[in-house]
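Understanding the architecture of this molecule
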Amino acid sequence: MIFGCAIILAAGKGTRMKSRLPKVLHKLGGKYMIEYVINGVRELGVEKLIAVIGHEAEMVRQALGEDVLYAVQKEQLGTGHAVLTAMPHIREEEGQVLVVCGDTPLIKPETFKKLWDFHRENKAACTVLSAFLPDPAGYGRIVREEGRVVKIVEQKDASPEELSIHEINTGTYCFDLKSLRKALTLLTPNNAQGEYYLTDVLSILVSQGLKVKAVTAEDYQETMGINSRSQLAEAEKVLRERKIYQLMDEGITIIDPASTYIEQDVTIGRDTVIEPFTFLRGKTIIGSECIIGPEADIKDSIVGNGVNVNRTVMIEASVGDNCRIGPFAYLRPGTKLSHNVKIGDFVEIKKSNIGEHSKVPHLTYVGDAEVGKNVNIGCGTITCNYDGKHKYRTIIKDRAFIGSNTNLVAPVEVGEGAMIGAGSTVTKDVPPDGLAVAREKQVNIPGWAARKRKQQEEK
Ligand code: UD1
Ligand code: CA
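Values in this document were obtained by computation on a predicted structure and should not be read as measured data.

This brings us to the coordination of the calcium ion (ligand 2). Think of it this way: four donors in a tetrahedron around the metal ideally sit 109.5 degrees apart, and six in an octahedron ideally sit 90 or 180 degrees apart. Note on the calcium ion (ligand 2): its protein donors are Asp103 (OD) and Asn227 (OD1). The metal-donor distances range over 2.3 to 2.5 Å. Taken together, the positions of Asp103 in the loop between strand 6 (96–101) and helix 4 (109–122) and Asn227 in the loop between strand 11 (212–216) and helix 8 (229–249) put the pair 124 residues apart, joining distant regions of the chain.

Encoded structure:
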């Protein structure tokens, strides 16, 4: 364990988001904004995490679960007041505390580490993580005198001269606990926003003759705070690029990073090629040597090795090795394809198992079905699984051959090696190796069409 503990500030409403959701629950790369901060701090080895919650506290608590401790800040009186709210959870022995904002999700674990190492080496009472921004608007500025940090001034309280400072406060700090505890009691809300600013702790410590330092994050992009929807989109772009470049480093080909959307928890095996306009979401796992896309949208699914997925939507499905899917297939939750399965165009599958080497090549709905190995399902087949009240299962055994345009009215079973004539509506079980034909017999009337034409000509 490196730190005693960490405080994550997440009680604010996020007024500038103009949202029903608390700010820290807005999602980036498929995860809550605050989850990035929590994971980053956890990677440092911090065990005790205290989230300060307030606005829609229950929502935040529900989203994060019991992995962290909570301090409830009933009224959001400022970041200093938020830290004060967390103090009863902290024991003196814990020594040093890391304070981070729930709205800076891009900070990397190595940057937290840099801050911590610097803080410890310098034996400072406070070290703030700063950054140099080309456009510092909106952030607190780090004010130095003769190179030393003397205070942080908020945008709204800054003089024109201070506004021209490009070194900003990232909202991430290490504090010596004892010094912090004392300084917090001295905060006043005498500022433009009438709030108890955590940032004022720094000038208080300086006035007490204590050591206050700033360490700079090399990549200023990391330190971006998200206060608005446009910043949310900017951060999304940064995270997306990070993920895509990491995957390319790991041996995955991404044809067009600009049109590829891969969420943070997705994993992909080597030599897989991701074609443009592809979305990989949630906890999706893709094997190696696959070709995914163009235009695949895959969520929470597991895809084996050597699979092709072309222009397909897939949700909570699992796909075995060497399957061929699409174009234009829709694999819905509970779809389980074994190895070497072919699913073709305009096929929808839901809650069904499909055995090895089986084929569903075109225009078919398979729902609530158990399909064996080496089965061929003809074009236009429909499992009629729903009578308006209940769902029923269809069972198709190994090597069965379902003729085109068949309706399988569930519950029904097609035996091993059985065949069904095209256009049948099957309502009864078909015995193994049998043939079922369930359609009107064809009637041919010789000369009928010619007679009809003649009648019309005579009119
Ligand atoms: C804050 C800093 C600013 C810094 C910026 C970095 C202060 C006074 N200002 O400004 O110097 O450049 O972050 O992104 O600290 N929060 C609470 N309770 C409150 C108020 C806020 O928990 O009473 C939480 C918010 O939920 C948020 C974080 O603290 O996660 C920061 O608050 P926010 O209002 O976004 O501060 P900024 O104006 O961005
Ligand atoms: Ca902020």
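In the vicinity of ligand 1, 24 residues are found, and the nearest of them are Gln73, Gly78, Thr79, Glu154 and Asn169. At 2.8 Å, a backbone N or O of Gly12 approaches an oxygen atom of ligand 1. Side-chain polar atom of Gln73 to a nitrogen atom of ligand 1: 2.7 Å apart, as the coordinates give it. Contact with the protein chains removes 90% of the 760 Å² of surface that ligand 1 exposes when unbound. Within the residue set of the shell around ligand 1, elements represented by two or more residues are strand 1 (5–10), helix 3 (79–86) and strand 10 (167–176). No other element matches the 3 residues that strand 10 contributes to the shell around ligand 1. Each residue belonging to the shell around ligand 1 can be placed in one class, and the counts come to 8 nonpolar, 12 polar and 4 charged.

With that out of the way, let us pick up a nonpolar patch on the surface. Residues Phe401, Met419, Leu435 and Val437 make up a contiguous nonpolar surface patch of roughly 380 Å² in combined accessible area. Here Met419 is to be found in strand 37 (residues 419–420). Judged by relative accessible area, Met419 falls into the partly exposed class, the value being 42%.

Here we come to the state of the cysteines. Counting across every chain of the model gives 0 disulfides. Here Cys126 is not disulfide-linked; the sulfur of Cys174 is the nearest cysteine sulfur, at 8.2 Å.

Let us look at the domain arrangement of the chain. Domains assigned within the chain are domain 1 (5–223) and domain 2 (229–436). For domain 1 versus domain 2, the separation of C-alpha centres amounts to 46 Å. Listed per partner, the contact involves 15 residues of domain 1 and 10 residues of domain 2. Considering only the side of domain 1, the residues that lose the most area to domain 2 are Leu28, Gly29 and Leu106, jointly responsible for 41% of the buried surface there. Taken together, domain 1 and domain 2 are joined by 1 salt bridge. Salt-bridge contacts for Lys31 lead to Asp265; the nearest nitrogen and oxygen are separated by 3.1 Å. At the surface where domain 1 touches domain 2, the tally comes to 6 residue pairs in polar contact (both at pLDDT 80 or more). Residue composition of the side of domain 1 that touches domain 2, by class: 5 nonpolar, 5 polar and 5 charged.

Here Gln208 is to be found in the loop between helix 7 (200–207) and strand 11. Spatially, the C-alpha atoms of Gln208 and Ala183 are 9.3 Å apart, while their sequence positions differ by 25 residues.

Inspection of the entire model under this criterion finds 3 aromatic pairs. Stacked on the ring of Tyr32, the Lys or Arg Lys27 has its end atom at 5.2 Å from the ring centre. Over the ring of Tyr386 we find Lys391, and its NZ or CZ is 5.0 Å from the ring centre.

With that settled, consider the nonpolar core. Most often, soluble globular proteins keep nonpolar side chains buried together rather than apart. Formed by 47 residues in total, the largest nonpolar core has its most connected members in Ile325 and Ile343. Counting only elements with at least two residues in this core, the list comes to helix 8, strand 25 (329–331), strand 27 (342–350), strand 29 (359–367), strand 30 (369–371) and strand 36 (412–414). Top contributing element to this core by residue count: strand 27, with 3 residues. For Ile343, the contacting residues outside a window of four places in its chain are Arg324, Ile325, Gly326, Ala329, Leu331, Leu337, Ile349 and Val360. The next biggest cluster of nonpolar side chains, apart from the first, holds 35 residues, and it includes Met87, Ile142, Ala183 and Leu202.

Once that is clear, we can look at the pattern of salt bridges. Once the charged atoms of two side chains with opposite charge are near each other, the side chains can pair. Taken as a whole and assessed by the stated rule, the structure comprises 18 salt bridges. Among the salt bridges present, the one from Glu94 reaches Lys48, with a minimum N-O distance of 3.1 Å. Here Lys48 lies in strand 4 (residues 48–53) and Glu94 lies in the loop between helix 3 and strand 6, a separation of 46 residues in the sequence. Since its relative accessible area comes to 19%, Lys48 is described here as buried. When salt bridges with common partners are traced through the structure, they connect Lys31, Asp265 and Lys283 into a single cluster.

For the rest of this paragraph, the subject is the sheet that holds strand 28 (residues 353–354). The parallel open sheet is built from 9 strands, whose spatial order is 14-17-20-23-26-28-30-33-36. One side of each edge strand has no neighbouring strand; the edge strands of this open sheet are strand 14 (267–268) and strand 36.

How each quantity is defined
Residues numbered from 1 in each chain as written. Chains lettered and ligands numbered in written order. Predicted model: local features only at pLDDT ≥ 70, side-chain atom pairs only at ≥ 80, totals over all residues. Heavy atoms only, no water. Donors = N, O, S within 2.8 Å, 3.2 Å for Na, K, Ca; no water. Helix = DSSP H or I, 4+ residues; strand = E, 2+ residues; numbered from the N terminus. Near = heavy atom within 4 Å. Polar contact = N/O pair within 3.5 Å; in protein donor to acceptor, adjacent residues only side chain to side chain. Areas by Shrake-Rupley, 256 points an atom, 1.4 Å probe, with all protein chains shown as cover. Nonpolar A, V, L, I, M, F, W, Y, C, P; charged D, E, K, R; others polar. Patch = residues over 30% accessible without salt bridge, like charges linked within 9 Å, V, L, I, M, F, W, Y side chains within 5 Å. Salt bridge = Lys/Arg side-chain N within 4 Å of Asp/Glu carboxyl O. Buried < 20%, exposed > 50% of the residue type's maximum accessible area, 1.4 Å probe, protein only. Disulfide = S-S within 2.5 Å. Domains from an automatic or database assignment. Contact = heavy atoms within 4.5 Å. Buried area = accessible area lost by both parts, 1.4 Å probe. Phe/Tyr/Trp six-rings, centres within 6.5 Å; stacked < 30°, edge-to-face > 60°. Lys NZ or Arg CZ within 6 Å of the ring centre and 35° of its normal. Core = buried A, V, L, I, M, F, W, Y, C linked by side-chain atoms within 4.5 Å. Pairing = 2+ DSSP bridges.

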